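The primary structure of each chain is shown beneath.
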Amino acid sequence: MARRAPSVLFGGATTALASAVLVIVSAIAVVLTIDALPSIRRFGLEFWSGTVWDPVTQDFGALPFIWGTLYSSCLAIILAAPIALGSAVFIAEFAPPWLGQPLVFLIELLAAIPSIVYGLWGIFVLVPDIRRLELALPDALRQSPFFSGPPLGLGLLSAALLLAIMVIPFTASVAREVLRAVPLAQREAAYALGATPFEAVRAALHYARSGIAGAVMLGLGRALGETMAVAMVIGNTPKISLSIVQPQYTMAAVIANEFTEAAQPLYLSALVEIGLVLFAVTLVINALSRLLIWSMTR
Amino acid sequence: MTLGRGRRAVSAAFVVACAAAVVLAVVPLVLVLGFVVGRGVQALNADFFTRLPQPVGEAGGGMANAILGTLTLATLAAAMAVPIGVGTGLYLSEHSGRPFASLVRFAADTLNGVPSIVIGVFAYAVAVLPFQRFSALAGGFALGVMMIPIVARTTEELLLLVPESLREGALALGATRGRAMLGVVLPAALPGVVTAVVLALARVAGETAPLLFTSFNNRFFATSLTEPTSSLTVQVFTYAISPYEDWHRQAWAGALVLIVMVFGCSLLARLTTRRLERMHRGG
Amino acid sequence: MRAGVALLTTCALTAATLAAAQTVRVTGAGATFPYPIYSKWFAEYGRLHREVEIDYQSIGSGGGIRQVTNRTVFFGATDSPMTDEQLRAAGGRLLHVPMALGAVVPAYHVPGAGELTFSGDVLARIFLGQIARWNDAAISALNPGVRLPATAITVVHRADGSGTTYVWTEYLSKQSAEFRRMVGVNAAVRWPAGVGARGNEGVAGLVQQIPGAIAYVELNYAIHGKIAYGRVLNGGGERVKASVESMTAAALSGAATMPPDFRLSITDAPGKGTYPISSFTWLLLYEEPKDKVRGRAMVEFVRWALTAGQGYCADLGYAPLPDHIVKLALAAVDRIKTS
């Protein structure tokens, strides 16, 4: 009986520590909600349709930030997904082991680069190049709503490119894991039927489609929450615009820029409300993507 | 029936496209690293590692306090995340099937996906406001929260990798479950757990957003944990958006040091994992 | 022998502890406007008094006001005076102590344009987004003989709460009723046009990078960032460039009578040679600080800065305070309860 005591202690300790995780996640939701209440009470649903963010008159509407976040993240995913998936397919299906392992390693390195370093590179290297690109745009394109605006370099395009670069390694490694989970039998069956490598891979991809979707969604979740790199290159202007040349603003960036000085409680509460929504949205997207991946690997 | 040339061509084109995708994916690595190393190395000197920041416009400043600050924050984060993370990993591997375990796993994965800026807001509300001060502890808390899910999930996976025979052997010899876990399985998985911690540290050492309003910044060395502290990431950010040439150079140097730290940890982690995988395959 | 070693060790330890105990660390945060002169002052004062370390974070006036109100820092700094409402929100009585004079200048990046002159009305229209190109008639009218390119104007403003913004919008609101109506006066406003950056540093950084950009920055940042800045037409129609002389003239005429709480704007001050966008910059200190030791340290520092420290202003592009204001400020600082 005496020997049971350490086991019970051990069991109790690990249960307590595991519960800590639950406590922390719940605490985040609760604390954010409490601190966002003044803003929620004041603005209600209009917070999400309002386009005016005016600290002077204490009138806060978050639509420009939602727009900027969604636009930059979706554009980033559109750019990143083909490259990430193509890389995953190449490494998982076509590359010989002596090539595959170093490639996996390189992709891991890409994922390990801190966001601030991407931001630094973004300001001093990417933005001037994008500015040159924008200056060289033909006038016909300049007229269209997607490219109108002065060529600053800073703006949605730079942010989306930077986000895409940051998301690619993330999505690629998850997609590679997903592909590795496809039973060999699938591909072998295809080859037995006389398929080309492309057609065999296509069969595997079809089998893994929900997992692939999950990998892309995880990338989206990552892009939605990215703060520093975006804040350094997006131009920090709360404006809703179709133009990728225009500076815009994202939810994460506005919190980072304005949090330390929101002097009035309502201002601070409005920023916390944005944080709360960011939390909820990334929660849903991540849960959905994990569900997709899980459903495929079972 | 032979393969039609059309289908073979499509297949070849596909392989080429995928190879091109890999090249495109890796090109930014070369570009970013190239610039960081190129511009950073020029700005690295003894001053950078030993001196404090100088007033604007005066040369010879360094990031000694920022480097120490990042190490301090990483240590604090690990102190918080290792017990909770490893404990959670132990729990999850032991009680894998239970609904509570699934709930904990879900919570850990959720926590992993929370944007770091949101963690920063949470840490401000919980660790800064009630004490009315910015502090290294608050910064360590924010980073610790981010580390927990990484350590927990990786520990769980590594514990599951340890051969069942080890655990069963211990139980057969009369050990309690607790002793089996702590005395036999955990030590076997220890290199992996250390890997998990190192990987998690690499990830949070590069974070900036949650530190902006928790550990804040400090022109000097922080003399106590309840003081604000400088950190490499926040310092690089502050310098990058300034108009001063000297600060820009120091920002590149700081980025280089950050990359070396982070890559060093990742490399270490990778080597250890490879050894563990080989061990598992062999055992 | 052992007793001797023990004695020596005890003495050494005591000395070390005493030395460590005597180092006072004071944390402050606030305006980016005075950051260059403050960082110089803190470094120089630190050399003279090694037992005091003053750490100042330049995060913007809005941040300074908020942090000092919440007491997450010991002192704040701002160039936009706190409103009555903000003062009421603070737990104790906060004093505005004027420290130096600075100027907000229109800085621009227009290669080949040389030195330009602006009027308050033209600046208002530029920042309202109504003047889109550098070769607009309104700008050319003020700068005859200068070849202005057709480059688009990119307005750069502050993305954070800023006293510099307060001074700038206050001046433009005085010059243009439309600006007052559409944008107003505040440390953080809704800009109809342009991109935002953090701090004077961030704004200056952007102007350096973007051809065609125009922004408002504190004089020091334009000088140190090697950014061109223009002359502004003052009330008397003179084309005045921001300088120690023109700022001092503005202070002497605008602050001839200083209110007891020191919250005074000197934009658009009347008189000859006055630079119309000058401003005081203030430290925010509690009249009854909770920590008496730190309070004493800050008071000693402020006394030094108001007297010997003023000599460092001119080199950094700030103007020293006029004598009568120094006297008033020293008297105000005497009110701070440090015992």
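As the structure is a computational prediction, the values presented were derived from the model and not from experiment.

Basis of the calculations
Residues numbered from 1 in each chain as written. Chains lettered and ligands numbered in written order. Predicted model: local features only at pLDDT ≥ 70, side-chain atom pairs only at ≥ 80, totals over all residues. Helix = DSSP H or I, 4+ residues; strand = E, 2+ residues; numbered from the N terminus. Buried ≥ 20, exposed ≤ 12 C-beta atoms within 10 Å, placed from the backbone. Contact = placed C-beta atoms within 7 Å. Rg over C-alpha atoms; globule rule 2.2 N^0.38 Å. Expected span 1.5 Å × (residues − 1). Bend = angle between axes of the 7 residues up to and from the residue. Nonpolar A, V, L, I, M, F, W, Y, C, P; charged D, E, K, R; others polar. Pairing = 2+ DSSP bridges. Domains from an automatic or database assignment. pLDDT = per-residue confidence, 0-100. Axes fitted to C-alpha atoms, helices over the stretch in contact; angles between N-to-C directions. Parallel < 35°, antiparallel > 145°, perpendicular 65-115°, else oblique. Left-handed = near helix turned anticlockwise from the far one by under 90°. Core = buried A, V, L, I, M, F, W, Y, C linked by C-beta atoms within 7 Å.

Notes on the overall build of chain A
- Helix and strand counts for chain A come out as 13 helices and two strands.
- Expressed as lengths along the three principal axes of its C-alpha atoms, the size of chain A is roughly 75 × 70 × 35 Å.
- Within chain A, buried positions represent 56% of all 298 residues.
- Within chain A, contacts between residues at least 6 apart in sequence are counted, and of these 75% link residues at least 24 apart.

Digging into the overall build of chain C
- A count of helices and strands for chain C gives 13 helices and twelve strands.
- Taking 339 residues into account, the globule formula puts the C-alpha radius of gyration at 20 Å, and chain C, at 22 Å, falls close to it.
- Dimensions of chain C, computed from the C-alpha atoms along their principal axes, are close to 90 × 40 × 35 Å.
- Per-residue burial for chain C yields a buried fraction of 54% across its 339 residues.

Quick notes on helix α8 (residues 177–205) of chain B
- The terminal C-alpha atoms of α8(B) lie 36 Å apart, and with 29 residues this falls more than 12% below the ideal 42 Å at 1.5 Å per residue.
- At B:L190, α8(B) shows its strongest bend, of approximately 55°, with the proline B:P191 following within four residues.

Observations regarding the interface of chain C and chain A
- If you look at the interface, chain C gives 24 residues, while chain A gives 19 residues.
- Elements supplying a minimum of two residues to the side of chain C that touches chain A: α3 (61–69) and β7 (195–197) of chain C.

Here's the deal with helix α6 (residues 136–161) of chain B
- Compared with an ideal rise of 1.5 Å per residue, which puts 26 residues at 38 Å, α6(B) spans 36 Å between its outermost C-alpha atoms and is within 8% of the ideal.
- Counting buried residues in α6(B) gives 23 out of 26 residues, a clear majority hidden from the surface.

Here's the deal with the interface of chain B and chain A
- Contacts between the two partners involve 72 residues from chain B and, on the opposite side, 73 residues from chain A.
- Where the side of chain B that touches chain A is concerned, the elements lending two or more residues are α1 (5–43), α3 (64–94), α4 (99–113), α5 (116–128), α6, α8, α9 (232–240) and α10 (245–282) of chain B.
- Sorting elements by how many residues they give to the side of chain B that touches chain A places α1(B) first, with 19 residues.
- Split into classes, the residues belonging to the side of chain B that touches chain A amount to 54 nonpolar, twelve polar and six charged.

Observations concerning unusual backbone geometry
Residue and element names in this part refer to chain C.
- In this structure, R71 is a non-glycine residue whose phi angle is positive, near 60°.
- In this structure, R71 sits in the loop between α3 and β3 (75–78).
- Residue R71 is classed as partly exposed on the basis of its C-beta count, with 16 C-beta atoms lying within 10 Å.
- A positive phi angle, close to 65°, is found at F262, a residue other than glycine.
- With respect to the helices and strands, the residue F262 is situated in the loop between α11 (244–254) and β12 (278–286).
- On the basis of neighbour count, F262 is assigned to the partly exposed category, with 18 C-beta atoms found within 10 Å.

Quick notes on the sheet that holds strand β10 (residues 231–233) of chain C
All names here are of chain C.
- Within the open sheet, the three strands sit side by side as β5-β10-β11. Their pairing is mixed. Strands at the two margins of the open sheet, each flanked by one partner only, are β5 (117–118) and β11 (239–240).
- Both β10 and β11 contribute to a ladder of two bridges, which runs antiparallel. Across the sheet, V232 pairs through a bridge with V240, a residue of β11.

Things to note about the domain arrangement of chain C
Residue and element names in this part refer to chain C.
- Partitioning chain C into structural domains gives domain 1 (25–101 + 279–333) and domain 2 (103–254).
- One C-alpha centre belongs to domain 1, the other to domain 2; they are set 26 Å apart.
- Opposite the 20 residues of domain 1 that make contact, domain 2 presents 22 residues.
- Take the side of domain 1 that touches domain 2: its biggest share by element is three residues, from α3.
- Considered class by class, the residues forming the side of domain 1 that touches domain 2 number nine nonpolar, ten polar and one charged.

Focus: the confidence of the model for chain A
- Per-residue pLDDT for chain A averages 89, and the proportion of residues at 70 or more is 97%.
- The least confident element of chain A is helix α6 (residues 139–143) of chain A, whose mean pLDDT is 83; the most confident is helix α3 (residues 63–94) of chain A, at 95.

Focus on the confidence of the model for chain C
- When pLDDT is averaged across chain C, the result is 89; 94% of the residues are at 70 or more.
- The complex prediction reports pTM at 0.87, with the ipTM value standing at 0.90.

Thoughts on the packing of α5(B) against α6(B)
All names here are of chain B.
- It is at 9 Å that the axes of α5 and α6 come closest, and there the two elements cross at 135°. In terms of axis orientation, α5 runs oblique to α6. Considering the relative orientation of α5 and α6, their crossing is right-handed. Facing α5, whose interface residues are S116, I119, G120, A123, A127 and V128, α6 presents L137, A138, F141, A142, V145 and M146.
- Partitioned by chemical class, the residues of the contact of α5 with α6 number ten nonpolar, two polar and no charged.

Focus: the nonpolar core
- Grouped together as the largest cluster of nonpolar side chains are 307 residues, with contacts concentrated most on A:V21, A:V117, A:L162, A:V233, B:M147 and B:V151.
- Sort the elements by how many residues they give to this core and helix α7 (residues 156–180) of chain A lands first, with 18 residues.
- Excluding residues that lie within four positions of it along the chain, B:V151 makes contacts with B:A81, B:V82, B:G85, B:V86, B:G89, B:A196, B:V197 and B:A200.

So, the pairing of strand β6 (residues 154–158) of chain C
Residue and element names in this part refer to chain C.
- Burial runs high along β6: five of the five residues are buried.
- Judged from the three bridges that link them, β6 and strand β8 (residues 213–218) form a sheet pairing that is parallel. Paired with T154 across the bridge in β8 is A213.
- Direction of pairing for β6 relative to β7: parallel, over a ladder of three bridges. Paired with V156 across the two strands is V195, which belongs to β7.

Overview of the environment of C:Y286
- One can find C:Y286 in strand β12.
- Excluding its chain neighbours within four sequence positions, the residues that come into contact with C:Y286 are C:G92, C:R93 and C:L94.

Points about the environment of B:V198
All names here are of chain B.
- Among the secondary structure elements, V198 is positioned in helix α8.
- For V198, a count of 19 C-beta atoms within 10 Å translates into the label partly exposed.
- For the pair formed by V198 and V262, sequence separation is 64 residues and the distance between their alpha carbons is 9.3 Å.
- With residues near it in sequence (within four places) discarded, V198 still touches C265, L268 and A269.

Here's the deal with the pairing of β8(C)
Residues and elements named next belong to chain C.
- Among the six residues that make up β8, six are buried, leaving the element largely enclosed by the rest of the structure.
- As paired strands, strand β4 (residues 94–108) and β8 are joined by five bridges and run antiparallel to one another. Counted as the bridge partner of V104 is E218 from β8.

Some remarks on the environment of B:A25
- You can see B:A25 is positioned in helix α1.
- When the C-alpha positions of B:A25 and B:R177 are compared, they lie 47 Å apart, and in sequence the two are 152 residues distant.
- Leaving out residues up to four positions away in the same chain, B:A25 has contacts with A:I83, A:A84, A:S87, A:I107, A:I168 and A:A172.

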